[in-house]
Amino acid sequence: MSAIPSASSLHIVIAGAGPAAQSLVRRLAGGSDSRQRAFHGTITVLSNRDECPDALLELAELPQVSIRFGQAASFIDSDAKIVTTVDGMEFSYDQLVIATGSAPTLPPVAGSESGLSYSTIDDAANIGEAVKEVTRIVGRRPLGILVGNGPAAGQAEAVLRARGVRPVRTTLRPTAVVPSTAAPGGLLPASGILFEDGSSMKGDLVVLAEERTARNDLAESAGLTTAPDGGIAVGRDLATSVPGIWAIGDAASCDGLRLGLLLSAESSAMLCASGLLLGAGKEDQQALIAA
């Protein structure tokens, strides 16, 4: 009979390396709060990207953390508790966290990189900073062009109004986003959009809040329950339908809404970390009772 892992020997594998995954690693292994240091196990992060951004390199320096770049998780054997990557590498786990995020449903609009985007609640902070700069440059209440139809667009509109922007919303998808001419060198976000018939809309900033699809291939390989919107179904504690597997960030769905629209990456990580540590604590107690 194998030993029951405790909080000090627990090995956690995180599939994905985006903001939610990074927040979870910091919450478990990198915090200064003594309550966060209750976890003394090890963490393996499987990143689908070959590049090594500074944020991930900083986390990789933590003694408990191993980050595998360019090793996207592709299959989960939930019975054996093994994750297989696209290159055939296998990683065993005591607890698995899926943080693979979401992808745009439609191809990107031409020039969209010059505008602002809203896909999760974390984007509100970036939009707020951009609004401050636009307001300073134009010297009045900005006019915002909002593109989208759905929960994300509704949240984006509320964010813009709360920050003093007068939003004009369109559900018709543009063919191009037009850069701003209010400041040289691309210092401000795009300010207009162009439609296929040649018509256009112009304001002081553009926000794209189009629908996204959760990446749930891993969930299907493990037999996890998915929600009607396609995300990995989780409870209020972010646990999936299979014990020992959790889902955070925009890959998950709770109460019929993408988790990224309900919780910030930091809040999601805090809730998941609590569940992971609580679960390890219960296993410790069970081991003591069995002994």
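Residues numbered from 1 in each chain as written. Predicted model: local features only at pLDDT ≥ 70, side-chain atom pairs only at ≥ 80, totals over all residues. Heavy atoms only, no water.

Colleague: Explain the overall build of the protein to me, and be specific about the residues and the numbers.
Modeller: A count of helices and strands for the protein gives six helices and 20 strands. Relative to its 291 residues, the protein shows a buried fraction of 48%. A fraction of 58% describes how many contacts in the protein between residues 6 or more apart in sequence connect residues 24 or more apart. (Helix = DSSP H or I, 4+ residues; strand = E, 2+ residues; numbered from the N terminus. Buried < 20%, exposed > 50% of the residue type's maximum accessible area, 1.4 Å probe, protein only. Contact = heavy atoms within 4.5 Å.)

Colleague: Can you break down the side chain of Thr240 residue by residue, with the values?
Modeller: Inspection of the secondary structure puts Thr240 in the loop between β17 (232-233) and β18 (245-247). Residue Thr240 is classed as buried on the basis of its relative accessible area of 12%. Here the side chain of Thr240 touches Val242 through a polar contact of 3.3 Å, landing on its backbone oxygen. Residues within four places of Thr240 in sequence aside, it is in contact with Leu224, Ile232, Ala233, Val234, Ile245, Trp246 and Ala247. (Polar contact = N/O pair within 3.5 Å; in protein donor to acceptor, adjacent residues only side chain to side chain.)

Colleague: Can you tell me about the environment of Ser102, naming the residues and giving the values?
Modeller: Here Ser102 is to be found in strand β8 (residues 102-104). Taking the C-alpha atoms as reference points, Ser102 and Thr120, separated by 18 residues in sequence, lie 9.9 Å from one another. If sequence neighbours within four positions are ignored, Ser102 has contacts with Arg212, Thr213, Ala214, Arg215 and Asp250. Reaching out from Ser102, the side chain makes a polar contact with the side chain of Asp250 at a distance of 2.6 Å.

Colleague: I'd like to hear about helix α1 (residues 19-30), residue by residue, with values.
Modeller: Structural remark: α-helix, 3.6 residues per turn; residues separated by three or four positions point the same way. The buried fraction of α1 is high, at nine of twelve residues. When we look at burial in α1, the residues that qualify are Ala20, Ala21, Gln22, Ser23, Leu24, Val25, Arg27, Leu28 and Ala29.

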